Amino acid sequence: MLFFHSAEVTRAAIYQGNTWQLAKVEKNDWVGEVRLTSEVPVGYLNSFQFRKFFTWLFFSKDAEKSFCSIFKLLNEESYLLDNHDERWTFDCSLPNIGNCEISWSGYTGRAEFGESHHNYIREIRSVSGIAVPKLDAVYFSHTNDSLVLSEKPGGIEAGEKGRPGLNICPEEIDADLSPRASGKKYLLKITSSGFYFDTEIALKRNPPSIRTLSKAESPENHELSEEKMLGLTEANDHGELPRSDINSLDAAELLDGPEKLNFFEMMLQKLKVEYGWSVKTQTGTVPKKNCRKVHLIDGRRRKYCHALLCRDETTSIQILEIELTQQESLSTLFFRADVNSEPTEQILDALMSTDNIKGLKAMQWKRELIAEVTSSRLYLDHPDRKIKSEEDALFSWVARAAEKLRVL
């Protein structure tokens, strides 16, 4: 579930064991650049979820090492059956997904057989709380960007017939015949999974003059005009079918924004009662910086809550939570700082400021500054994804917060 969201990405893991044919990647301080190759559909740049996935894969050494281990273990652990059929066991060296929240479908064991503590997992639906790489922003571009700018509105196939493009609904997808190596690649939407960071970062289209195509405009999201079949295998020069790939990452489903601050205070009380930690809280309104009206919610000043939690006699941890709108998903910030420093005001000022030079907006954690003014820090995403009930959501958030506090 961590890696196989796309046919091309899967092939890179199984056949090559590296990420080189997927993109060229550079990192300069707290800014990353990704230039996707022609093997990856340019339409993936439309998907914020895929930009997150590629950011994790390309900039997390732990993730890349795990991704490449699939190819290594396939080759090491394959064996011959009856001297002619090659068999292998799928495996990989897992990256660190501690403190993550996994949503799955399946069933629990039968109580009468003493299996009530067993979970039989048929499918992992989502993983939340993936540690985001140490970056403030990532800029994405694609080898075929110039081709996208030159095409007719509505895409090549739709434009030639003078009708608006529709979502692809091919009559058949051939899993055996090879598609053409040249030409655009079509994106097929299938049952999706969720992949979520513990906090959001800026993921930009680069160069800025190339705007992200809407679903109606993208040539990879259009109905085929003549050919009624797509190929899903690896493309080559002798292929006859149009190429296709799979889009299988979902956007998060968020709780109502105003609930999160109340939920945060409930979480703090649970930590105090269940773990015996002392907690002092202070609420206030965020500063008005160069953020236009982002500091406002419904015409009033946005609130924040700052907590000082004493884990023991020598360890104090600060927690910062911001009131959010329904569309926002800014994570909770846990940090430790020197006794003589007060970084909270600096963090709030940076949070509400827009940095046009770095392309950072207001209401976005400025990770570089936070790293400078704190001695250690962790981010915790909200329990707002696929939780069955408010009680389960609170239980999950308290448990994950406690794990963060223990290791900080």
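Residues numbered from 1 in each chain as written. Predicted model: local features only at pLDDT ≥ 70, side-chain atom pairs only at ≥ 80, totals over all residues. Heavy atoms only, no water.

### A word on the layout of surface pockets
Part 1 of the reasoning: Estimated volume of the second largest pocket: approximately 640 Å³.
Part 2 of the reasoning: Together, 26 residues line the second largest pocket, and A131, V132, K134, D198 and L378 are the ones closest to its centre.
Part 3 of the reasoning: Broken down by secondary-structure element, the contributors of at least two residues to the lining of the second largest pocket are α2 (48-59), α3 (61-76), β6 (119-130), α8 (367-373) and β19 (376-380).
Part 4 of the reasoning: Tallying contributions element by element places β19 first for the lining of the second largest pocket, with three residues.
Part 5 of the reasoning: Of the residues that constitute the lining of the second largest pocket, the class distribution is 14 nonpolar, five polar and seven charged. (1 Å grid on protein atoms, 1.4 Å probe; cavity = no way out; pocket = protein on both sides within 12 Å on 5 of 7 lines; lining within 4 Å. Points joined across faces, edges and corners; volume = space filled by probe spheres on them. Helix = DSSP H or I, 4+ residues; strand = E, 2+ residues; numbered from the N terminus. Nonpolar A, V, L, I, M, F, W, Y, C, P; charged D, E, K, R; others polar.)

### Brief notes about the sheet that holds strand β10 (residues 202-205)
Part 1 of the reasoning: Taking strand neighbours across the sheet as the criterion, the four strands line up as β1-β2-β7-β10 in an open arrangement whose pairing is mixed. This sheet does not close on itself; its edge strands, each paired only once, are β1 (23-28) and β10. When strand polarity is set aside, the average angle formed by the axes of neighbouring strands in this sheet is 20°.
Part 2 of the reasoning: Sheet analysis places strand β2 (residues 31-36) next to strand β7 (residues 137-142), joined by six bridges and oriented parallel. Note on β7: the bridge partner recorded for V31 is A137.
Part 3 of the reasoning: Of the strands in this sheet, β1, β2, β7 and β10 touch α2, which is tilted by about 110° from β2. (Pairing = 2+ DSSP bridges. Axes fitted to C-alpha atoms, helices over the stretch in contact; angles between N-to-C directions. Contact = heavy atoms within 4.5 Å.)

### A look at a nonpolar patch on the surface
Part 1 of the reasoning: There is a patch of nonpolar side chains on the surface, built from F4, W88 and F90 and spanning about 320 Å² of accessible area.
Part 2 of the reasoning: You can see W88 is positioned in the loop between β4 (85-87) and β5 (101-108).
Part 3 of the reasoning: Here W88 falls in the partly exposed class, since its relative accessible area comes to 46%. (Patch = residues over 30% accessible without salt bridge, like charges linked within 9 Å, V, L, I, M, F, W, Y side chains within 5 Å. Areas by Shrake-Rupley, 256 points an atom, 1.4 Å probe, with all protein chains shown as cover. Salt bridge = Lys/Arg side-chain N within 4 Å of Asp/Glu carboxyl O. Buried < 20%, exposed > 50% of the residue type's maximum accessible area, 1.4 Å probe, protein only.)

### Comments concerning the pairing of strand β18 (residues 332-336)
Part 1 of the reasoning: The buried fraction of β18 amounts to four of the five residues, a majority that puts the element mostly inside the structure.
Part 2 of the reasoning: Pairing of strand β17 (residues 316-322) with β18 involves three bridges; the strand directions are antiparallel. By the bridge assignment for β18, I319 is matched with F334.
Part 3 of the reasoning: Of the strand pairs in this sheet, β18 and β19 are connected by five bridges, and their pairing is antiparallel. Looking at the pairing, F334 lines up with L378 of β19.

### Brief notes about the packing of α2 against α3
Part 1 of the reasoning: Packing of α2 against α3 leaves a shortest axis separation of 5 Å and a crossing angle of 85°. Classified by the angle between their axes, α2 and α3 sit roughly perpendicular to one another. Seen from α2, the contacting residues are W56, L57 and F59; seen from α3, they are K61, A63, E64 and F67.
Part 2 of the reasoning: Residue composition of the contact of α2 with α3, grouped by class: five nonpolar, no polar and two charged. (Parallel < 35°, antiparallel > 145°, perpendicular 65-115°, else oblique.)

### Re the pattern of salt bridges
Part 1 of the reasoning: Scanning the entire structure with this criterion turns up 11 salt bridges.
Part 2 of the reasoning: Between R311 and D312 there is a salt bridge, with the nearest N and O atoms lying 3.8 Å from each other.
Part 3 of the reasoning: You can call D312 partly exposed: its relative accessible area is 36%.

### A look at the confidence of the model for the chain
Part 1 of the reasoning: Per-residue confidence for the chain gives a mean pLDDT of 81; residues scoring 70 or more make up 83%.
Part 2 of the reasoning: Of all secondary-structure elements in the chain, the lowest mean pLDDT belongs to helix α5 (residues 156-161), at 35, while helix α7 (residues 344-351) reaches the highest, 95.
Part 3 of the reasoning: Counting interchain partners and residues more than four positions distant, the pLDDT-below-50 stretch residues 150-167 has 29 contacts. (pLDDT = per-residue confidence, 0-100.)

### Here we look at the nonpolar core
Part 1 of the reasoning: Within the largest apolar cluster, 38 residues are counted, with the highest numbers of intra-cluster contacts made by F53, F54, W56 and F58.
Part 2 of the reasoning: Looking at this core, the elements with two or more residues in it are α1 (7-16), β2, α2, α3, β6, β7 and β9 (185-197).
Part 3 of the reasoning: The dominant element in this core, judged by the number of residues it contributes, is α2, at seven residues.
Part 4 of the reasoning: Among all residues touching F53, those that are not within four sequence positions of it are L2, F3, H5, V9, F195 and L249.
Part 5 of the reasoning: Grouped together as the second largest cluster of nonpolar side chains are 23 residues, F263, M267, A393 and L405 included. (Core = buried A, V, L, I, M, F, W, Y, C linked by side-chain atoms within 4.5 Å.)

### A closer look at the sheet that holds strand β13 (residues 278-285)
Part 1 of the reasoning: Taking strand neighbours across the sheet as the criterion, the five strands line up as β13-β16-β17-β18-β19 in an open arrangement whose pairing is antiparallel. The two strands at the open ends of the sheet, each matched to only one other strand, are β13 and β19. The mean angle between the axes of side-by-side strands here comes to 20°, regardless of whether they run parallel or antiparallel.
Part 2 of the reasoning: As paired strands, strand β16 (residues 303-310) and β17 are joined by seven bridges and run antiparallel to one another. What sits directly across from H306, in β17, is L320.
Part 3 of the reasoning: The strands that α7 touches are β16, β17 and β18; relative to β17, the one it contacts most, it runs at about 25°.
Part 4 of the reasoning: Set on the sheet, helix α9 (residues 390-407) makes contact with β16, β17, β18 and β19; between it and β19 the angle comes to about 170°.

### Comments concerning the pairing of β1
Part 1 of the reasoning: Note: β1 against β2, six bridges, orientation antiparallel. Paired with E26 across the bridge in β2 is E33.
Part 2 of the reasoning: Connecting β1 to the antiparallel partner β2 that follows it, the hairpin turn spans two residues, and D29 within it adopts a positive phi of roughly 55°.

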